[in-house]
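Descriptive analysis of the structure
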Amino acid sequence: MGFAADRHARIIVIGGGAVGCSVAYHLARAGEKDVLLLEKAQLTQGSTWHAAGLVGQLRTKRALTRLMQNSVAVYDRLEGETGLVIDWKKVGSLRLAASETRWSEIRRSMQLARSFGFECHSLSAAEAKAKFDYIDPKGVVGAAFIETDGYIDPYALTQAYAKAARDNGAKIQEGVLVEDIVREGRRVVGVVTNAGNIGCDILVNCAGIWAKRIGEMLGVPLAAGAVEHQYFVTEKTLDFPKNLTTLRDPDHNFYLKPDVASFAIGGWEEGTNGCWRGRPPFDFGRELFPPNMDRLELFALPAAERLPILNETGIQTIINGPIPVSADGEPIMGLAPELDNFFVACGFTAGIAASGGAGEAMANWIIHGDPGLDLWPFDVRRFGAPHAQARYLEERAIEAYAAYYKVHWPAEEGHAGRGLRRSPLYDILKRRGAVYGSRFGWERANWFAVGGTTSSETPSFEGKPGWFDAVGAEARAIRERVALIDQTSFSKYEISGPGARDAMQKIAAGDLSGPAGKAVYTQLCNARGGIEADVTLVHLSDDLVWLVTGSGFGVRDSAWVHAHLPDGVSIREITNSIATLNICGPRSRDVLQSVSDDDLSSDAFSFLAARWIEIGNARALAVRIGYVGELGWELYIPQEYAAQVYETLLDAGEAHGIVDAGYRAIESCRLEKGYLYWSADITPYTSPYEAGLGFAVALDKGDFIGRDALVRAKSEGAKRKLVALAVEGFAPFHSGETVVVEGRPVGQLTSAGYGHHLGKTIGFAYLPAEIAGLNGCQIEAFGKAWDAVRGPRCHYDAKQERLKS
């Protein structure tokens, strides 16, 4: 029996918190008049009503900072639009550093701010005390001040969103509980509520701490958890100016918002409790948990050290309530990949600060199919089903919560939920010294601590990390001898059915024509010519193509392909059944040939060729490609044979000095080679021609997605170009550093690191086309400037002689 709707709305928004009401407001403001927001109780009665209301803007990426800036722009205008007072106090924010390490982190953030034109001021301890006289400046190394931050009343803000939504034609209904959601194929058709059935064309999940349960009604796994968060409000005994700034002291693990004659103080302590494993009961409403004094002390006592006045005033109120926290602590936004009309905006730990920009971005996404910003770090497609498993999610959410004010090191790794997905080589490599990191739940060897090494998993902002020498040895082995790299975590998909190759010809920018048995490096572009995915396609037959992409990009890239495949052609994931082993380096052919009867000579097995070969007693699909820029093969091996193949190659390579290598050596080598990384160097907002990838675009092959835009882009010429910059020796670049020409910021590094073979620090940056041919510039980091030179795109083997040997 089909779904029978009592009424219909074009767009239904579930959830009446700050984010949900902002989404409804921005949709209506953009011209969508048939918008219906459903709230199961009353507006704000999830986490919004007990939020502290701090508004901070600076993030580590330009687009993410822009999202927060857009929130501030909304708050600046909302009172004028609605006539309602939202108590927006633009008093600024002060962030203290009480250690040299923290000061390095903060200075890096300020450097990033400068690179994208965001105003942020560096203060001494004395200047910080002048901004906030209550602090004891003892131990303060420095501080950052942002004038345009502040705080706001969450309840008043949400009510203003709601009024503005109604004024623009949206409808809001309170006391309406969504009990079930009906789908037909890949589309939501309506919701079942306690007030009847309502049909819809688009459904938006803004259900806050209940978002995971809403997703489960549709079979959509969401990595949206919930944990307890506490803050306290002091007695109203304080007398301070109305423009007193907000305060954050991450080394003492607390934040402070001025209140009426009092301070509201909270923190991000260790050991918080997860809530309901992300599935709170729907009848939980305007409720709080009992205070946990043991946890409260973890930030209250350090706060009293920094603010001696707290020893003279008491606590009036303690708030302990559930807040949303995702598996990585960042919001979850966008179109769910499992459906064609189900959007999500949930997991907002800082939902008040983000709500204005998030509502605007979601409205753009829903109406135009694009948020208008590169929001990959917030994108729902960065997660998959493993992240939504209840116990795993709770572990990760608790860790993300406690990490909020911890120092965030370059290349840091999480510890919660580890060991979930393992390659068949996991135990073997662990015994051989593998130091593992994690990506998309997979354990991956970052580097190897071999016998006698003094290397360690010790990160650094301004110096060489503890693994520097070990990674250097691995990188040099790749360049000089031969290495084995376990890349089983690669996301792998099989595209099959009549005309599979032809279907991918219309999706990919590269050319798959010609006989089977080859790999094609290509981009999948959107209609604007932006790069939605950067992948390898392996053309095995006209009815069978494999797609290989990064460990964390599989959900996103496969969803893009699925959305554009014709009937009769399907895509299925084969990641878990196929191990991947990369053998690379100038001696790789010698090693592989010694255990295979297949002809692996360059004439018989040329660059980008792909075919099944025998290796010892097993078979593997060998593809002559890689991400380090050396002679080598990626070997795709049925999981059950992977260990035998590895051991066979290891034994055969002993005479050639074979070593294990990890992902940090890959990173060093790919920078030397000029290979790009999607989400850093290339995004949906960069074109192949800007990025120097025109060689991978086949405009003459016929129509494909984005072709018209790429024809125009090539004809008009790129307005900005990606260049490769190098500094002699080691420099502490991690990405985001400012590129300066004649004292003027002209760009920022998209990715950067040390090239161990070349002995140079290498970074990529987009520069205006008119100066992209410059010979020299400076790169600023941590208050210093390094002289850099523009080199060839490929600093290593620019003529491809070694790669194609």
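I will try to describe carefully the structure that is included in this document.

Conventions and cut-offs
Residues numbered from 1 in each chain as written. Predicted model: local features only at pLDDT ≥ 70, side-chain atom pairs only at ≥ 80, totals over all residues. Heavy atoms only, no water. Helix = DSSP H or I, 4+ residues; strand = E, 2+ residues; numbered from the N terminus. Rg over C-alpha atoms; globule rule 2.2 N^0.38 Å. Buried < 20%, exposed > 50% of the residue type's maximum accessible area, 1.4 Å probe, protein only. Areas by Shrake-Rupley, 256 points an atom, 1.4 Å probe, with all protein chains shown as cover. Lys, Arg positive; Asp, Glu negative; His and termini not counted. Charge placed at Lys NZ, Arg CZ, Asp CG, Glu CD. Core = buried A, V, L, I, M, F, W, Y, C linked by side-chain atoms within 4.5 Å. Salt bridge = Lys/Arg side-chain N within 4 Å of Asp/Glu carboxyl O. Expected span 1.5 Å × (residues − 1). Contact = heavy atoms within 4.5 Å. Polar contact = N/O pair within 3.5 Å; in protein donor to acceptor, adjacent residues only side chain to side chain. Pairing = 2+ DSSP bridges. Axes fitted to C-alpha atoms, helices over the stretch in contact; angles between N-to-C directions. Parallel < 35°, antiparallel > 145°, perpendicular 65-115°, else oblique. Left-handed = near helix turned anticlockwise from the far one by under 90°. Nonpolar A, V, L, I, M, F, W, Y, C, P; charged D, E, K, R; others polar. Phe/Tyr/Trp six-rings, centres within 6.5 Å; stacked < 30°, edge-to-face > 60°. Lys NZ or Arg CZ within 6 Å of the ring centre and 35° of its normal.

This next bit is on the overall build of the protein. Within the protein one finds 18 helices and 37 strands. By the compact-globule yardstick of 28 Å for 805 residues, the protein fits well, its C-alpha radius of gyration being 27 Å. Summarising its shape, the C-alpha atoms of the protein cover approximately 80 × 70 × 50 Å along the three principal directions. Out of the 805 residues belonging to the protein, those deemed buried represent 61%. As presented, the protein carries roughly 29,800 Å² of accessible surface, and 48% of it is formed by carbon and sulfur atoms. Here the protein contributes 84 positively and 98 negatively charged side chains, and the mean placements of these two sets differ by 3 Å.

Counting 52 residues, the largest nonpolar core has Val13, Tyr75, Val204 and Met333 as the members making the most contacts within it. Mapped onto this core, the elements with two or more residues apiece are strand S1 (7-14), helix H1 (18-29), strand S2 (35-39), helix H2 (62-82), helix H5 (154-167), strand S11 (196-205), strand S18 (342-346) and helix H8 (351-368). It is H8 that provides the largest number of residues to this core, a total of nine residues.

Okay, the pattern of salt bridges next. Within the structure shown, the criterion is met by 38 salt bridges. Note that Arg382 is salt-bridged to Asp328, the shortest N-O span being 2.8 Å. Taken as a pair, Arg382 in the loop between H8 and helix H9 (385-388) and Asp328 in the loop between strand S16 (315-326) and strand S17 (332-335) lie far apart in primary sequence, 54 residues in all. By relative accessible area, which is 9% here, Arg382 ends up buried.

With that settled, consider H5. Over its 14 residues, H5 runs 20 Å from end to end, which matches the ideal 20 Å to within 8%, given 1.5 Å per residue. Along H5, the residues that are buried comprise Pro154, Ala156, Leu157, Thr158, Ala160, Tyr161, Ala162, Ala164 and Ala165. As for H5, its buried residues are in contact with H1, H2, strand S8 (171-174) and H8. Here H5 starts with a cap whose side-chain oxygen sits 3.0 Å from the backbone nitrogen of Tyr155, and that cap is Asp153. Within two residues after H5, Gly169 carries a phi angle of roughly 110 degrees, on the positive side.

Strand order in the open sheet formed by six strands is S28-S29-S30-S27-S21-S31, and the pairing between neighbours is mixed. Pairing within the sheet leaves two strands with one partner each, and these edge strands are strand S28 (610-615) and strand S31 (659-660). Examined bridge by bridge, S28 and strand S29 (residues 618-623) share six bridges and lie antiparallel to one another. What sits directly across from Arg611, in S29, is Ala622.

On to the environment of Ile309, then. Mapped onto the elements of the fold, Ile309 is located in the loop between helix H7 (293-306) and S16. What makes Ile309 buried here is its relative accessible area of 19%. Each C-alpha atom, one on Ile309 and one on Arg556, is 51 Å from the other, the two residues being 247 residues apart in sequence. Setting aside residues no more than four positions away along its own chain, Ile309 makes contact with Tyr134, Leu238 and Phe263.

A separate point is the packing of H1 against H8. Two elements in contact, H1 and H8, have axes whose closest approach is 8 Å; the angle formed by their N-to-C orientations is 40 degrees. When the axis of H1 is compared with that of H8, the two are oblique. Read as a crossing pair, H1 and H8 show a hand that is right-handed. Here Ala18, Val19, Ser22, Val23, His26 and Leu27 of H1 come into contact with H8, specifically with Gly351, Ile352, Ser355, Gly356, Gly359, Glu360, Met362, Ala363, Ile366 and Ile367. The residue makeup of the contact of H1 with H8, split by class, is nine nonpolar, six polar and one charged.

Side chains Thr738 and Val740 project from strand S33 (residues 738-741) onto one buried face, and the interleaved Val739 and Val741 project onto a second face that is buried too. Note that S33 and strand S34 (residues 744-755) share four bridges and pair antiparallel. Bridge pairing in S34 places Val741 opposite Arg744. The turn joining S33 and S34, which pair antiparallel and follow one another in sequence, is formed by two residues; a positive phi near 55 degrees is taken by Glu742. Pairing geometry for S33 and strand S36 (residues 776-781), over three bridges, is antiparallel. Looking at S36, one finds that Val740 is bridged to Gln778.

Looking now at the pairing of strand S30 (residues 632-638). By the criterion of burial, S30 is predominantly enclosed, with seven of the seven residues buried. Summarising the sheet, strand S27 (residues 578-584) and S30 pair through seven bridges and their orientation is antiparallel. Note on S30: the bridge partner recorded for Ala579 is Ile637. Looking at chain direction, S29 and S30 are connected through three bridges and run antiparallel. When the sheet's bridge partners are listed, Val623 is paired in S30 with Glu634.

What follows concerns the environment of Leu301. Considering the arrangement of structural elements, one finds Leu301 in helix H7. Leu301 gets classed as exposed once you look at its relative accessible area, which sits at 51%. With 48 residues separating them in the primary sequence, Leu301 and Asn253 have C-alpha atoms 9.9 Å apart.

Strand order in the open sheet made by the five strands is S23-S24-S25-S22-S26, with antiparallel pairing throughout. Lying at the two open borders of the sheet, with one neighbouring strand each, are strand S23 (518-525) and strand S26 (570-573). Within this sheet the neighbouring strands show an average axis-to-axis angle of 30 degrees, counted without direction. By the bridge criterion, five bridges tie strand S24 (residues 531-541) to strand S25 (residues 544-549) in an arrangement that is antiparallel. Looking at the pairing, Leu537 lines up with Leu547 of S25.

Tallying each qualifying case throughout the model produces 30 aromatic pairs. An angle of 45 degrees between the planes, with centres 5.9 Å apart, marks the rings of Tyr404 and Tyr405 as tilted. Every member of this aromatic cluster is reached through a ring pair, and the members are Tyr255, Trp268, Tyr401, Tyr404 and Tyr405. Against the face of Phe704 rests Lys701, its NZ or CZ located 4.9 Å from the ring centre. Above the ring of Tyr766, the side-chain terminus of Arg720 is found at 4.3 Å from the ring centroid.

What follows deals with the environment of Asp534. Examined against the element boundaries, Asp534 turns out to sit in strand S24. Taking C-alpha positions, Asp534 is 6.1 Å from Thr522, a pair spaced 12 residues apart along the chain. Those residues in contact with Asp534, other than ones at most four positions away along the chain, are Tyr521, Thr522, Gln523, Thr549, Leu676, Trp678 and Ile682. Among the polar contacts listed, one links the side chain of Asp534 to the side chain of Tyr521, at a separation of 2.7 Å. Here the side chain of Asp534 touches Gln523 through a polar contact of 2.8 Å, side chain to side chain.

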